[in-house]
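# Working through the structure, step by step
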Amino acid sequence: MPGEQDAKQKGQVIRGRRPNSEGWSHVAAFGTTWGLWLKQGSDGWRTYKLVSVEPQEHKANYWLGYNVVSKRWARNRDVALAAQRMPETLEAVRELAEEIG
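The structure contained in this document is the topic of the report that follows. For every chain, the first residue of the written sequence is number 1, and numbering continues from 1 along that sequence. For this predicted model, a pLDDT threshold of at least 70 governs which residues receive local features, and a threshold of 80 or more governs which side-chain atom pairs are given and counted, while totals over whole chains, interfaces and linings are taken from all residues. Calculation of side-chain values draws on the structure's entire complement of heavy atoms; hydrogens and water are dropped beforehand.

Of all hydrophobic cores here, the largest spans 20 residues; its most connected members are Leu36, Tyr48, Leu50, Tyr62, Leu64 and Val93. For this core, the elements supplying multiple residues, two or more each, are strand S1 (24-30), strand S2 (34-40), strand S3 (45-52), strand S4 (61-67), helix H2 (77-85) and helix H3 (87-100). Helix numbering and strand numbering both begin at the N terminus, where a helix is a DSSP run of H or I of at least 4 residues and a strand a DSSP run of E of at least 2. Per-element tally for this core: the top contributor is H3, with four residues. It only takes one pair of heavy atoms within 4.5 Å for two residues to be counted as in contact. Beyond its immediate chain neighbours, meaning those up to four positions away, Val93 contacts Phe30, Leu36, Tyr48, Leu50, Leu64 and Trp73. For this analysis, a nonpolar core means a set of buried residues of the types Ala, Val, Leu, Ile, Met, Phe, Trp, Tyr and Cys, connected via side-chain atoms within 4.5 Å. Here the term buried applies to any residue with accessible area under 20% of the maximum for its type, exposed to any over 50%, and partly exposed to those in between, with areas from a 1.4 Å probe on protein chains only.

Counting buried positions along S4 yields six of seven residues, so the element is predominantly enclosed. We treat two strands as partners when DSSP finds at least two bridges between them. In this structure, S3 lies alongside S4, joined through seven bridges in antiparallel fashion. Bridge pairing in S4 places Tyr48 opposite Leu64. For S4 and strand S5 (residues 72-73), the ladder comprises two bridges, and the chain directions are antiparallel. Looking at S5, one finds that Tyr66 is bridged to Trp73. Counting the residues in the hairpin turn of S4 and S5 gives four residues, including Lys71, whose phi is positive at 55°.

Pairs were defined over the aromatic rings of Phe, Tyr and Trp, the Trp ring being its six-membered one, requiring ring centres within 6.5 Å. Orientation was assigned from the angle between planes: stacked under 30 degrees, edge-to-face over 60, tilted for the rest. The final tally for this structure, using the stated rule, is three aromatic pairs. An angle of 70° between the planes, with centres 5.7 Å apart, marks the rings of Trp24 and Trp63 as edge-to-face. Taken together, the residues Trp24 in strand S1 and Trp63 in strand S4 connect sequence positions 39 residues apart. Of note, Lys59 hangs over the ring of Tyr62, and the distance from its end group to the ring centre comes to 5.5 Å. Put simply, a charge is over a ring when the Lys NZ or the Arg CZ is close to the ring centre, within 6 Å, and near the line of the ring normal, within 35 degrees.

Buried residues dominate S3, accounting for six of its eight residues. Where S2 hands over to S3, the hairpin turn is made up of four residues, of which Asp43 adopts a positive phi near 55°.

On to the sheet that holds S1, then. Read across the sheet, five strands follow the order S1-S2-S3-S4-S5 without closing on themselves; strand pairing throughout is antiparallel. Of all the strands in the sheet, the pair left with one neighbour each is S1 and S5. Structural elements are reduced to axes, namely lines fitted to C-alpha atoms, with helices fitted over the stretch in contact, and the angle between N-to-C directions of any two is expressed from 0 to 180 degrees. Of the strands in this sheet, S4 and S5 are in contact with H2, which crosses S4 at around 105°. Each of S1, S2, S3, S4 and S5 touches H3; the most contacted strand, S1, lies at about 130° to it.

Expected span of a helix, by definition, is 1.5 Å for each gap between consecutive residues, and there is one gap fewer than residues. Taking 1.5 Å per residue as the helical rise, H3 with its 14 residues ought to reach 20 Å, and the 20 Å between its terminal C-alpha atoms agrees with that figure. For H3, the full list of buried residues reads Thr89, Leu90, Val93, Leu96 and Ala97. The buried residues of H3 occupy one face: seen down the axis, they fall within an arc of 120°. Exposed residues lying more than 90 degrees from the buried face of H3 are Glu88 and Glu99. Elements that come into contact with the buried residues of H3 comprise S1, S2, S3, S4, S5 and H2. Of the residues trailing H3, Gly101 is marked for its positive phi of about 80°. Working definition: the arc comes from the directions between the helix axis and the C-beta atoms, pointing outward to the latter.

In structure tokens:
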């Protein structure tokens, strides 16, 4: 997101933004830092938005796609960044995705 890049360049911190459209449901919190929202998809795909409730120096929103049928992440930039920056949280999201189905 352009705003996230600008904040990083200026040394500012940013907060996440919860989804504000229909079809999203809050499904989990990871400590006091991250909230997770889910939007059901088709063919086993689920869209998750991982949102920081505390200021972050880097990304505060991660868009994650997970297929509960093939048990794999979508190939996108945010999944790769989350795997690099917070692998434990990403693993917790995967476990929850499989549990929810």
